[in-house]
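Descriptive structure summary
Letter by letter, the chains look like this.
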Amino acid sequence: MTTNHPVYTEHTDKEAGKLGMWIFLFTEMFLFGGLFLVYAVFRSLYSEDFHHAADELNTFIGTLNTVFLLTSSMTVAMSITAVQKKERSVALILVLTTLILASLFLVNKYYEWSHEFHYKIYPGSDVVRNMPRGELLFIGLYFMMTGLHALHVIIGMILLLICLVKIKTHQISDESHLLLDNAALYWHLVDLIWIFLFPLLYLIT
Amino acid sequence: MPETGVHSSYLNNEGKYHGLLAWLLTIDHKRIGLMYFFVVIAFFFIGAMLGLLMRTELLRPGEDIMGPQTYNGLFTIHGIIMIFVIVIPGLSVIFGNFFLPILIGARDVAFPRLNLLSFYLYLTGAILAVVSQFTGNGPPDTGWSFYVPYSSESSTNVIFALVAAVILGFSSILTGINFIVTIHRMRAPGMTFMRMPLFSWSIYSTAWIQVLATPIIGITLLMVIAERWLNIGFFDPALGGDPILFQHLFWIYSHPAVYIMILPAMGVVTEIFPTFSQKPVFGYTAIALSSLAIAIIGYFVWGHHMFTSGTSYLSRLFFSLLTFLVAVPSAIKVFNWVSTMYGGSIDLKPPLLYAIAFIFLFMIGGLTGLIQGALATNIQVHDTSFVVAHFHYIIFGGMGFAAFAGIHYWFPKMFGRMYNFRMANIAWGIIFIGFNLFYFPQLIIGMQGMPRRYFDYLPQFSTGQFISSIGAYIMVSGLIMMLINLIYGRYHGTIAPANPWKGGTLEWQIPSPPPVENFETIPHITRRPYFYGDNE
């Protein structure tokens, strides 16, 4: 190997990292956008059935979950400020709080889904097959949308968990916190999508 | 220069890892580009062989070498491999990876590790697509378009193929993000947008379509998977869904995907015409902006695939109008290429031959496209082999020939060696003649009513089908000849100089093959590309 050439160093550019993340978030929005489009089409065709089906969902659990997610968005944003102010232990507590709130969201979701499964309300079940067409479609969309969203919650939690470890080991500091920034952006997206899902699925009855 | 270049070439300089690992774990954009190159070529020949098997079946009427179900499986997997594995990523992952950073004066793409991840996602998707042929309840038989309700009810191995397409789409999104950020953040000092080589412009437009359209196909195919696997009704009427909705969602992606395929191809030939005419490109701004125009308008024409699906008259009218509008920026490009050659000192080397063939075939493809874009004639040719021929004229005649042009153009830079020009010219002639014998008869019998995707046909189509099959054999033999010539050149060709074609863009100002870090010092750009000799 030649030595008179500079050592190959990886290019690092904070702005690029941010820009890439933003574009990626747009693709995520388009991903959910496809589902929103299908929702809009079926809602306009079967608005009556959609009202009935939405009425069956537990608004209390939905509201509670909205509170969890909104609060967690706040705590993750605060953790960035804490990292910038070099208050590592505060940042650790804030990220941990975010993770706990996210877990509470999933626990709630679990009880909600098992309740529905208990009454045989899931796609393909005999109960659902005999429902009016619009309600059947609503149930399908409900499971697909909340399921895909829950998957995103889990991915966001994994990202935040990595951040937690890296804050602890000083790999995320006030000088380099791009990963935490991007994880927080992703978490805000998860939150944002829920803010649309909640009224569409639970509130319009 | 070439001698020192070989010494620090990216092909020899291994870095952290050694041997095979130095390739498999590389984050050098050139090595990743080259890995894509080999995978794409390998899958291209698999796809071509499947096509040849179909042509053999169609040589004579009646069942010859396979039954209808095998034929259905073959055209499905031929389509999936050719569309999702080769032409959608194709040019942008090979030449985009290899040359985009060099053309804009950068040392690498913005996210080199993400780039490697894209490659492995791509490889996984490609392998899954092939595996779907041999596992489960037989090869998928839905066609590459996965139309519901058949795709949610067919008992064959459709889920595998769907998952493959979703993974390939994800890889495509990541590559798109990478290229957009690279172009925004990594241009050399003085390299303004309007000083970028036009290939970078076409990659830029392509990347935006990849990012904005691919998520739609991702979610659509996920919905079909959910429909098959979890019985969630979206599109299948038996589960309460609406099949027309699937067609809309599918084409919202899959029409822009056609521009994902063709834009980088246009970018490649735009680099070739000025170099081999030794004349600045005619209408730089028009070519750059027409790429964007194609990307934008191309997003709103999907409905022209559904003229016979029962959509409303008004929407058909709009989609037809917009389809005709796309022809305008495409034609702007064609006129600019021809004007670039006008009055230049033309050097008829293999890359230029392929590029000229590209214009010819692309024009036939484009004009037959207008026949289908018009509402009345569309009804006549819908779902006939006319559509198949049109599509192959655009995709193979356009994108394929541009790929061959690009390979012959950049081969000396990529491998540091030359191929045999005489062999390359002969192979070009064979491929060109074979191609036209192959597809032109299909335009005619399609007009007469030969349906697409049929393993058998009525006796009146037998002359056309026979000529078409013979053309296919001629074309494939030309392709093999081209490949042999390139492989021979790779190992035994003469050493290529840094700038064999007297090119004016940045990649020709560095040694062949390029050193690991591309540029010893990042160049400062003071003017537009494409200046030759006394033009300065």
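Remember, predicted model here, so these are calculated numbers, not experimental data.

So, the overall build of chain A
Secondary structure summary: chain A contains seven helices and zero strands in total. Relative to the globule expectation of 17 Å for 205 residues, the C-alpha radius of gyration of chain A, 21 Å, shows a markedly less compact shape. Taking the principal axes of its C-alpha atoms as reference, chain A extends roughly 75 × 40 × 25 Å. Burial status across chain A gives 36% buried among its 205 residues. Pairs at least 24 apart in sequence give 77% of the contacts found in chain A among residues at least 6 apart.

Here's the deal with the overall build of chain B
If you tally the helices and strands in chain B, you get 17 helices and zero strands. Its C-alpha radius of gyration of 23 Å places chain B within 12% of the 24 Å reference for a compact globule of 536 residues. On the principal axes, the C-alpha backbone points of chain B span a range of 65 × 45 × 45 Å. Counting only residues that meet the buried cut, chain B has 56% of its 536 residues in that class.

Quick word on the interface of chain B and chain A
Each partner contributes to the interface: chain B provides 35 residues, whereas chain A provides 30 residues. Elements with a minimum of two residues in the side of chain B that touches chain A: helix H8 (158–185), helix H9 (198–230) and helix H10 (243–277) of chain B. Looking at the side of chain B that touches chain A, its residues break down into 21 nonpolar, ten polar and four charged.

Looking at unusual backbone geometry
Residue and element names in this part refer to chain B. For the peptide bond that leads from Val 148 to Pro 149, omega is 5 degrees, which places it in the cis range. Examined against the element boundaries, Pro 149 turns out to sit in the loop between helix H6 (112–131) and helix H7 (150–153). Backbone torsion omega between Ser 512 and Pro 513 reads -15 degrees, so that peptide bond is classified as cis. Tracing the backbone shows Pro 513 in the segment after helix H17 (462–492). If you check the backbone angles, Phe 146 has positive phi at about 50 degrees while not being a glycine. Assignment of secondary structure puts Phe 146 in the loop between H6 and H7.

Observations concerning the confidence of the model for chain B
Summary statistics for chain B give a mean pLDDT of 92 and a share of 98% for residues scoring 70 or more. Note on residues 1–6 of chain B: pLDDT is under 50 here. Beyond four places in sequence and across chains, it has 14 contacts.

So, helix H4 (residues 88–118) of chain A
All names here are of chain A. Compared with the 45 Å implied by 1.5 Å per residue over 31 residues, the 45 Å span of H4 between its first and last C-alpha is a close match. Those residues of H4 lying buried are Ala 91, Leu 94, Val 95, Thr 98, Leu 101, Ala 102 and Phe 105. Along its buried surface, H4 packs onto helix H3 (59–84) and helix H6 (133–168).

Quick look at the environment of Val153(A)
Residues and elements named next belong to chain A. By the element assignment, Val 153 lies in helix H6. Between the C-alpha atom of Val 153 and that of Leu 69, which follows or precedes it by 84 residues, the distance is 9.7 Å. Sequence-distant contacts of Val 153, that is, excluding residues within four places in its chain, are made with Ala 102, Phe 105, Leu 106 and Val 190.

With respect to the environment of Met399(B)
Of note, Met399(B) is situated in helix H15 (residues 385–415). Taking the C-alpha atoms as reference, Met399(B) lies 6.6 Å from Met261(B); in sequence the two are 138 residues apart.

So, the environment of Trp501(B)
All names here are of chain B. Along the chain, Trp 501 turns up in the segment after H17. On the basis of neighbour counts, which here come to 19 C-beta atoms within 10 Å, the residue Trp 501 falls in the partly exposed class. As a C-alpha pair, Trp 501 and Ala 161 span 340 residues in sequence and 43 Å in three-dimensional space.

Let's talk about the nonpolar core
Counting residues in each nonpolar core, the largest one holds 218 residues, and the members touching the most others are Ile180(B), Met261(B), Ala265(B), Val269(B), Phe358(B), Ala402(B) and Ala405(B). If sequence neighbours within four positions are ignored, Ala405(B) has contacts with Val268(B), Val269(B), Ile272(B), Pro351(B), Tyr354(B), Ala355(B) and Phe358(B).

Topic: the packing of helix H1 (residues 14–45) of chain A against H8(B)
Relative orientation of the contacting elements H1(A) and H8(B) amounts to 140 degrees, with a least axis distance of 9 Å. By the angle between their directions, the pair H1(A) and H8(B) is classed as oblique. Considering how the two elements wind past one another, H1(A) and H8(B) form a crossing that is right-handed. Between H1(A) and H8(B), the contacting residues are Glu15(A), Ala16(A), Leu19(A), Gly20(A), Ile23(A), Phe24(A) and Thr27(A) on the first element and Ile173(B), Ile177(B), Ile180(B), Val181(B), His184(B) and Arg185(B) on the second.

A short note on the packing of H6(A) against helix H7 (residues 178–203) of chain A
All names here are of chain A. Packing of H6 against H7 brings their axes to within 9 Å, and their N-to-C directions diverge by 160 degrees. In terms of axis orientation, H6 runs roughly antiparallel to H7. Here H6 and H7 pass one another in a crossing that is left-handed. Here Tyr 142, Met 145, Thr 146, His 149, His 152, Val 153, Gly 156, Leu 159, Leu 160, Cys 163 and Lys 166 of H6 come into contact with H7, specifically with Leu 179, Leu 180, Ala 183, Tyr 186, Trp 187, Val 190, Ile 193, Trp 194, Leu 197 and Leu 201. Considering only residue class, the contact of H6 with H7 consists of 16 nonpolar, four polar and one charged.

Rules of the game
All residue numbers here refer to positions counted from 1 along the written sequence of the relevant chain. Each chain gets a letter, beginning with A, and each ligand a number, beginning with 1, in the order they are written. Thresholds applied to this predicted model are a pLDDT of at least 70 for local features of residues and 80 or more for the giving and counting of side-chain atom pairs; totals over whole chains, interfaces and linings are not thresholded and use all residues. Helix numbers and strand numbers start at the N terminus; a helix is a DSSP run of H or I with at least 4 residues, a strand a run of E with at least 2. Computation of the radius of gyration draws on C-alpha atoms, with the globule rule given as 2.2 Å multiplied by the number of residues to the power 0.38. Buried, partly exposed and exposed are defined by the number of other C-beta atoms within 10 Å of a residue's own C-beta, namely 20 or more, between the two limits, and 12 or fewer respectively, with C-beta atoms placed from the backbone. Residues are treated as contacting if the C-beta atoms built from their backbones sit within 7 Å of each other. Residue classes follow a fixed rule: Ala, Val, Leu, Ile, Met, Phe, Trp, Tyr, Cys and Pro count as nonpolar, while Asp, Glu, Lys and Arg count as charged, and any other residue, Gly among them, counts as polar. Think of pLDDT as the predictor's per-residue confidence, scored from 0 to 100. Each residue after the first adds 1.5 Å to the expected span of a helix. Throughout this description, the term nonpolar core refers to a group of buried Ala, Val, Leu, Ile, Met, Phe, Trp, Tyr and Cys residues whose C-beta atoms join them within 7 Å. To get an axis, fit a line to the C-alpha atoms, keeping to the stretch in contact for a helix; angles then go from 0 to 180 degrees between the N-to-C directions. Here the angle decides the label: under 35 degrees means roughly parallel, over 145 means roughly antiparallel, 65 to 115 means roughly perpendicular, and every other value means oblique. Left-handed describes a crossing whose near helix is turned anticlockwise from the far helix by less than a right angle; the clockwise case is right-handed.

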